[in-house]
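What follows is the residue order along each chain.
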Amino acid sequence: MIWWLLWAVLVIGTLVGAFFLGRSLWRKGRALLVELDRAATVLGELAETTGRLAEEAREAERAALAAAQALPTRESARAQWAANRKRIEGRKAARAIRDAATRERWRDLSR
């Protein structure tokens, strides 16, 4: 008779354990579905952002190509360089004249 009682307690305990295990799995499954829904939403936003950034990158590349095509020709660049060198040489000469005049004044003061 005690064996029937022992088996009844074991079966009832197993059923109670199975109930709690099933409930836990059900809750975790629902939480997983909620997270998967959220992940799908984030993935959609990521796809939109990636598309927008890719389009901006293409626009930047087009702008860079247009800027590269707008560069001056070799002859105009050399002419600009020569004009800049002339200006620099003119400023150097003016500075040399000012420096010489300043040294002359200092010599006059130190005599």
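Look a little higher up for the structure.
These numbers were taken from a predicted model, which means no experiment stands behind them.

Student: I would appreciate a short explanation of the overall build of the protein in the present structure.
Tutor: Counting its regular elements, the protein contains two helices and zero strands. Relative to the globule expectation of 13 Å for 111 residues, the C-alpha radius of gyration of the protein, 43 Å, shows a markedly less compact shape. If one aligns the C-alpha atoms of the protein with their principal axes, the spans along those axes are about 135 × 50 × 15 Å. A total of 111 residues make up the protein; the buried ones form 0% of that total. For the protein, the computed accessible surface area is about 10400 Å², with 67% contributed by carbon and sulfur atoms. Side-chain charges in the protein split into 21 positive and 13 negative, and the spacing between the mean points of these groups amounts to 8 Å.

Student: I'm lost on the packing of aromatic side chains in this one. Help?
Tutor: For any pair of aromatic rings, the description rests on two quantities: the centre-to-centre distance and the angle between the ring planes. Following the criterion strictly, the structure yields one aromatic pair and no others. Between the aromatic rings of F19 and F20, the centroid separation amounts to 5.3 Å while the plane-to-plane angle is 65°, which identifies the pairing as edge-to-face.

Student: Just to check I follow, could you spell out a nonpolar patch on the surface for this structure?
Tutor: A cluster of nonpolar residues, I2, W3, L5, L6, W7, V9, L10, V11 and L15, forms a patch on the protein surface that exposes about 1000 Å² of accessible area. Its location among the elements puts L6 in helix α1 (residues 2-69).

Student: So what exactly am I meant to see when it comes to the environment of L33 here?
Tutor: Relative to the elements of secondary structure, L33 occurs in helix α1. With a relative accessible area of 57%, L33 lands in the exposed category. Each C-alpha atom of the pair L33 and R78 lies 68 Å from the other, and the pair is 45 residues apart in sequence.

Student: For this particular structure, what's the right way to read the environment of S76?
Tutor: Locating S76 in the fold gives a position in helix α2 (residues 74-110). Judged by relative accessible area, S76 falls into the partly exposed class, the value being 35%. From its side chain, S76 meets the backbone oxygen of T73 in a polar contact 3.0 Å long.

Student: Hey, could you run me through the pattern of salt bridges in this one?
Tutor: Any two side chains of opposite charge can pair, on the condition that their charged atoms come close. Per the counting criterion, the structure on display carries seven salt bridges. Across the pair R62 and E55 runs a salt bridge whose closest N-O atoms are separated by 3.9 Å. Judged by relative accessible area, which is 32%, E55 ranks as partly exposed. One salt bridge connects E89 with R85, and the closest N-O pair in it is separated by 3.7 Å. Of this pair, E89 and R85 both sit in helix α2, separated by four residues, roughly a single helical turn.

Calculation rules
- Residues numbered from 1 in each chain as written.
- Predicted model: local features only at pLDDT ≥ 70, side-chain atom pairs only at ≥ 80, totals over all residues.
- Heavy atoms only, no water.
- Helix = DSSP H or I, 4+ residues; strand = E, 2+ residues; numbered from the N terminus.
- Rg over C-alpha atoms; globule rule 2.2 N^0.38 Å.
- Buried < 20%, exposed > 50% of the residue type's maximum accessible area, 1.4 Å probe, protein only.
- Areas by Shrake-Rupley, 256 points an atom, 1.4 Å probe, with all protein chains shown as cover.
- Lys, Arg positive; Asp, Glu negative; His and termini not counted.
- Charge placed at Lys NZ, Arg CZ, Asp CG, Glu CD.
- Phe/Tyr/Trp six-rings, centres within 6.5 Å; stacked < 30°, edge-to-face > 60°.
- Patch = residues over 30% accessible without salt bridge, like charges linked within 9 Å, V, L, I, M, F, W, Y side chains within 5 Å.
- Salt bridge = Lys/Arg side-chain N within 4 Å of Asp/Glu carboxyl O.
- Polar contact = N/O pair within 3.5 Å; in protein donor to acceptor, adjacent residues only side chain to side chain.

Honestly, that's just the spatial picture; any functional story needs more than this.
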